[in-house]
Amino acid sequence: MDSQLQKRLEKARELIEEQTEFRILTHYDADGICSAGIIARYLKDRGKRFHISFFRNVDREKILAIVEQEENVILTDMGSSMVDELTGNVIVIDHHKVSTDNESIVHINPHLFGYDGARDACASTLAYFLVNDPILAPYALAGIFGDKQYIGGLTGLNRELVERLSLKIRRDLVLSGNVLNAVTYSTEPFFPGLSGRKENVEKMLEKLKIPPSKDVENLSEEEKTKLGSYLALNLIKNSKNPHAARYIVDVDINLGGSVRYLTELIDSAARTDNQGIAMSYILGNKSYLERMEVLRKEYKSKVLKALYNILDNLFQKGRITYFFVEDGYLASTLATITSIYLFPPDRVIVAFYNDKMTHISARCSQQLGKKVHLGDILSSIASKLGGYGGGHSVAAGATIPRDREQEFLELLQQEIEKSLS
Ligand SMILES: [Mn+2]
């Protein structure tokens, strides 16, 4: 690990040591919950007091007001974008793009030390290196999986974490638990005609002679192969993404349970606005597991309903495929799922969600992301339209005033063509 980064982690530990009460502000998603959870567990183990708040969007003014009021603040999975406005006892643990540094606070961001925050480390990775407690490793990994940083193999600090703990990465079917439920509630991959269609899954299992009550983990090699091939065929037939079928078998890490499954549990709690439940679980209250499993089914059912709805209500403009979603919590998930499992890799996927403003989630394939930086493009278009935005090359978001979707699409199409030419 970079020695400058190590120094900042040490500085953060010192600040925590000196103080007794902290306000933790974090992003609401899996990486946000896990990074804040890792830090909170560390504080709890040292008898420190803390209060955690979750943020859907990086609400600058609100966050700055809190920072001003509180004596000790820790921001996780956000904060780098406003680092020049922060003063006092503040620790920022973020992996989003940085434009500037601030040495008067403790600013921990991989971009400052030669790493790529989109691939090499997420907030949970950094939080883990701050606390160095193997008991919390599953949550660091859930953050990595939640931010999809495992795709294409672990690199940078993520890889260092896995090596330091000598964890075995295995490749296996991406389903876990009861096979009937596993396929019925599968959204990643999304199997059109099977996911969300229990009767069809029952018929499939009957045809394959696989008992529906069996756990995926207990299937024989032959059963696994049969199931895997059938599901691959489903994607080859129904997905417009020729790479979709390869994600049926993917990496996972077993740490007293599948990390992939743990990520789904935390993510489902996050996206049903039950962040506190996932947080309590990370803080050591194992009785919340059952509730998280219920939330997972609820959340997956919602996502599946929305996915079938999208298939019937799709719009195309130039290189953009776009759709509208009714539930704001689902917008980024639906954009991610459709771009990875459903639509051709040469298209940019845009999901719109309207409340007082229009919220936008945009995604593209890694392949397209080599030429097109959606974060930079959304940032510049949104500010032109009187809004704000940003993010990574392949995953970005923006908020613009209402009823300007068509202008947005027009500008996006122009920027994509510019980047490609
Ligand atoms: Mn993150």
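Being a predicted model, the structure only gives us computed values, none of them experimental.

Any chance you could explain the packing of helix α2 (residues 30–45) against helix α4 (residues 123–131) here in plain terms?
Two quantities define a packed helix pair, namely the angle between the axes and the distance from one axis to the other. Packing of α2 against α4 leaves a shortest axis separation of 8 Å and a crossing angle of 10°. Considering the angle they form, α2 stands roughly parallel to α4. Judged by residue contacts, D31, C34, S35, I38, I39 and Y42 of α2 engage A123, S124, A127, Y128, L130 and V131 from α4. For the contact of α2 with α4, a count of residues per class yields nine nonpolar, two polar and one charged.

Hey, could you run me through the pattern of salt bridges in this one?
For side chains bearing opposite charge, pairing can occur when the charged atoms are close. Scanning all chains against the criterion turns up 22 salt bridges. Residue E10 pairs with R13 through a salt bridge whose shortest N-O separation is 3.0 Å. Here R13 and E10 lie together in helix α1 (residues 3–18), a separation of three residues that amounts to about one turn. Classification of E10 as partly exposed rests on a relative accessible area of 35%. Here K97 and D376 are joined by a salt bridge, their closest N and O atoms 2.9 Å apart. Of this pair, K97 sits in the loop between β4 (89–93) and β5 (106–108) while D376 sits in helix α15 (residues 374–384); the two residues are 279 residues apart in sequence, bridging distant segments of the chain. Given the relative accessible area of 45%, K97 is considered partly exposed. The structure contains a network of salt bridges with shared partners spanning R170, D172, K224 and D252.

Would you mind showing me how to read the sheet that holds β4 here?
In any sheet, the strands associate via hydrogen bonds between backbone groups, in a parallel or an antiparallel arrangement. A sheet is described by the order of its strands in space; here five strands give the open sequence β2-β1-β3-β4-β5, paired in parallel fashion. The sheet terminates laterally at β2 (49–55) and β5, the two strands that pair on one side only. Neighbouring strand axes in the sheet, compared pairwise and without regard to direction, differ in orientation by 15° on average. The sheet contacts of α2 involve β1 (21–27), β2, β3 (72–76) and β4, and relative to β1 the element is tilted by about 165°.

What exactly am I supposed to notice about the coordination of the manganese ion here?
By definition of the ideal shapes, a tetrahedral metal site with four donors has angles of 109.5 degrees and an octahedral site with six donors has angles of 90 or 180 degrees. Within the protein, D31 (OD), D77 (OD), H95 (NE2) and D147 (OD) serve as the donor atoms for the manganese ion, at 2.1 to 2.3 Å. Within one chain, the residues serving as donors to the manganese ion are arranged as D-x45-D-x17-H-x51-D. Taken as a pair, D31 in helix α2 and D77 in the loop between β3 and β4 lie far apart in primary sequence, 46 residues in all. Under the relative-accessibility criterion, D77 is labelled buried at 2%.

Whenever I open this one, the pairing of strand β9 (residues 320–324) confuses me. Can you help?
Two faces make up the sheet, and in a regular strand the side chains alternate between them. For β9, a buried count of four out of five residues is recorded, marking the element as mostly surrounded by other parts of the structure. In terms of strand pairing, strand β8 (residues 315–317) meets β9 through three bridges, oriented antiparallel. Each bridged residue has a counterpart across the sheet, and for F315 the counterpart in β9 is Y322. Taken together, β8 and the strand that follows it, β9, pair antiparallel across an intervening segment of two residues, in which G318 is found at a positive phi of about 55°.

Is there a simple way to think about empty space enclosed by the protein in this case?
Gaps left between atoms are located by rolling a probe of water-molecule size over the structure's atoms. Summed over the entire model, instances satisfying the criterion amount to two cavities of 30 Å³ or more. Put simply, the largest cavity is a space of about 100 Å³. For the largest cavity, the lining is made up of 13 residues, of which V174, L175, S176, E264 and R296 are closest to its centre. Contributions of two or more residues to the lining of the largest cavity are made by α10 (259–271) and α12 (289–312). Sorting elements by how many residues they give to the lining of the largest cavity places α10 first, with three residues. Tallied by class, the residues present in the lining of the largest cavity amount to five nonpolar, three polar and five charged. In this structure, the second largest cavity encloses a volume near 40 Å³. Going through the elements one at a time, α12 and α13 (331–341) are the ones with two or more residues in the lining of the second largest cavity. Looking at which element gives the most residues to the lining of the second largest cavity, the answer is α12, with three residues.

Is there a simple way to think about the sheet that holds β8 in this case?
Read from one edge to the other, the open sheet built from six strands follows the order β8-β9-β10-β11-β13-β12, with strand pairing classed as mixed. Edge positions in the sheet fall to β8 and β12 (388–391), since each of these pairs with one other strand and no more. Each strand axis lies, on average, 20° off the axis of its neighbour in the sheet, ignoring direction. Judged from the six bridges that link them, strand β10 (residues 348–354) and strand β11 (residues 358–363) form a sheet pairing that is antiparallel. Counterpart to F352 in the pairing with β11 is I360.

Mind showing me how you'd approach α15 here?
Note on helix geometry: an α-helix contains 3.6 residues per turn, so any two residues three or four positions apart are oriented the same way. Burial in α15 covers these residues: L374, G375, I377, L378, I381 and A382. Buried positions in α15, seen along its axis, are confined to an arc of 160° and lie on one side of it. The positive-phi residue at the C-terminal boundary of α15 is G386, with phi of around 85°.

When you look at unusual backbone geometry in this model, what are you seeing that I'm missing?
Residues apart from glycine generally show negative phi values, whereas peptide bonds are mostly found in trans. Each neighbour pair has its own omega, and for E188 with P189 the value is 5°, a cis peptide bond. Among the secondary structure elements, P189 is positioned in the loop between α7 (179–184) and α8 (198–207). In this model, D77 sits at a positive phi of 60°, which is unusual for a non-glycine residue.

Rules of the game
Residues numbered from 1 in each chain as written. Predicted model: local features only at pLDDT ≥ 70, side-chain atom pairs only at ≥ 80, totals over all residues. Heavy atoms only, no water. Axes fitted to C-alpha atoms, helices over the stretch in contact; angles between N-to-C directions. Helix = DSSP H or I, 4+ residues; strand = E, 2+ residues; numbered from the N terminus. Parallel < 35°, antiparallel > 145°, perpendicular 65-115°, else oblique. Contact = heavy atoms within 4.5 Å. Nonpolar A, V, L, I, M, F, W, Y, C, P; charged D, E, K, R; others polar. Salt bridge = Lys/Arg side-chain N within 4 Å of Asp/Glu carboxyl O. Buried < 20%, exposed > 50% of the residue type's maximum accessible area, 1.4 Å probe, protein only. Pairing = 2+ DSSP bridges. Donors = N, O, S within 2.8 Å, 3.2 Å for Na, K, Ca; no water. 1 Å grid on protein atoms, 1.4 Å probe; cavity = no way out; pocket = protein on both sides within 12 Å on 5 of 7 lines; lining within 4 Å. Points joined across faces, edges and corners; volume = space filled by probe spheres on them. Arc of directions from axis to C-beta.

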